[in-house]
Every structure is written in C-alpha cells, then in structure tokens.
Amino acid sequence: DLGGNARIGYLYNAARIGYSGTAGDASAATSVSCTDGVPGLTLNPGRIDPGNAAFDGNRKVLAAQFDFAGVPFFVIGISFVDNSQDSPFFGAVQPPLLVSQARRVEQAQIVHDFAASILACDASARVVILGNVNDDPGTLPQTTLAGTQFESMSNVLAANSRQSVVVDGVSHEWDQMLVSTRFTGTATGYDVVHSNAEYTERLSRRDPIVARLGMTGFSAQKRLHLPFITK
C-alpha cells in the first residue's frame, strides 16, 4: 500500500549502544526469558504477539534489548490503532463514539503484560515503552498501558507543553514515553519538540519527543538519550 506501509524501527549509535541477539521476522513472536533473575528477549528485536487479532491491520509492536555502558535496557515501540473510525469531536453525536478505543485497550494490555513480565524477572530492570497511544492521558488505553509499574515522562512538563498532535484544532497528548521504576527520578531531561503539530508547513503531523535518562552508578556523562519520532 503506497505510503501506508510504515513500520516501527530503531536507530542507534553502535559506538555507544550495544546490541546482540537474533532478530525475529514479521510473524515470529518474541518472549521474555529469565535466567537467574536476568531477563532477556528470545528474539531481539522481535514482535510482541504479532498474530493477535488486536493488531490486525495495525503496526506491530517491536521490542528490543540494548545495553549502555554495559547496563542492559529494554525499549518497546508502539503505534496503536488510529481513531479514524470514531465519530468527530465536534459532531452531532456527543460525547463522541470511540468505537476504536476497545482495540487500543486490548493492545495496551498485551504490551503492558509483556513489559511487566520483564519486571517479574527483575523488578529493577530498565524498561521504556514509547510511541503513539492515540488516546489522551486518563483514558483507559493509557491507564491500562501504564498500570502501576510504569510512569509517563510527560508528567515532568507543564500541562500546556505536553501536546504532540493537533486534530481539528484540539491539542492531544497521544505520544508517550513510559518508564519503569528504575528510570523514575533519574530523568535529567524530557521534552516534546514542538516543530510540526502546530505549523502549516511540517514534516509530520506529530511532534517528536526526547528524553535523557540517567543510568544509576554512572557519572553525568553517562546519560542515555532516547528520541522518538512518528509520522
């Protein structure tokens, strides 16, 4: 489908970020292994439950394990089903019918459970879930994704700075970066780079987000930078 075959992927600097493992294909599901309290991915990178009907016609979730200065961390990239099936925000039906939201809740639960299985092996594991939720904070997809073990990095920003997309004149905080407890409090920077959503001339309809996360036990120079860009 011309222009409609976007995938989730990762770019990293091999001089700073370590990677090893066997990559999965489009249909193979990765899982979490646990050896002596050390979690790992059976396929790295690999799709999370790609055959699940919740992801039909949708970008598949991609999990990857890297290491920074020898310390492992996990990144889970998401892009949940869009809300084009929903009724308009300012349409005749109020409140709007959010018919697509049920699928996003399903997707959020699958991703949350996978991420939680990493923490079940090692409660101090460094895990980041980032991407497009297509729902605002406080909605069931976002609360399901976060659960009690992950926190949104956007909480460090003022409420009027968190938006990443504008739809029909309404600003939304759909793009998220959620981190596990090990990263909570170690963030030395987080921002939504307002370069697209609010402008008529833009490269994307959405703004990129970027975080700088501290790796416990390292000097100030040992900071992990995680940018996220979506089309």
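Parameters at a glance
Residues numbered from 1 in each chain as written. Predicted model: local features only at pLDDT ≥ 70, side-chain atom pairs only at ≥ 80, totals over all residues. Heavy atoms only, no water. Helix = DSSP H or I, 4+ residues; strand = E, 2+ residues; numbered from the N terminus. Buried < 20%, exposed > 50% of the residue type's maximum accessible area, 1.4 Å probe, protein only. Pairing = 2+ DSSP bridges. Right-handed = clockwise from strand over helix to strand, strands pointing away.

Engineer: Give me the lowdown on unusual backbone geometry, citing residues and values where you can.
Structural biologist: Cis geometry marks the peptide bond from asparagine 44 to proline 45, where omega comes out at -5 degrees. Examined against the element boundaries, proline 45 turns out to sit in the loop between β3 (38-41) and β4 (46-47). For the peptide bond that leads from glutamine 94 to proline 95, omega is -5 degrees, which places it in the cis range. Following the sequence through the fold, proline 95 ends up in the loop between β6 (71-79) and α1 (101-121). If you check the backbone angles, aspartate 49 has positive phi at about 50 degrees while not being a glycine. By the element assignment, aspartate 49 lies in the loop between β4 and β5 (62-68). Note on aspartate 49: relative accessible area 33%, which makes it partly exposed. Despite not being glycine, aspartate 168 has its phi angle at roughly 55 degrees, a positive value. Relative to the helices and strands, aspartate 168 resides in the loop between β9 (165-167) and β10 (170-172).

Engineer: Before we move on, can you summarise the pairing of strand β7 (residues 127-132) with the specific residues and values?
Structural biologist: The element β7 is extensively covered by neighbouring structure, given that six of its six residues are classed as buried. Bridging between β6 and β7 involves six bridges; their strand directions are parallel. Along β7, the bridge assignment pairs serine 79 with asparagine 132. For the crossover from β6 across α1 to β7, the handedness is right-handed. For β7 and strand β11 (residues 175-180), the ladder comprises five bridges, and the chain directions are antiparallel. By the bridge assignment for β11, valine 128 is matched with valine 179.

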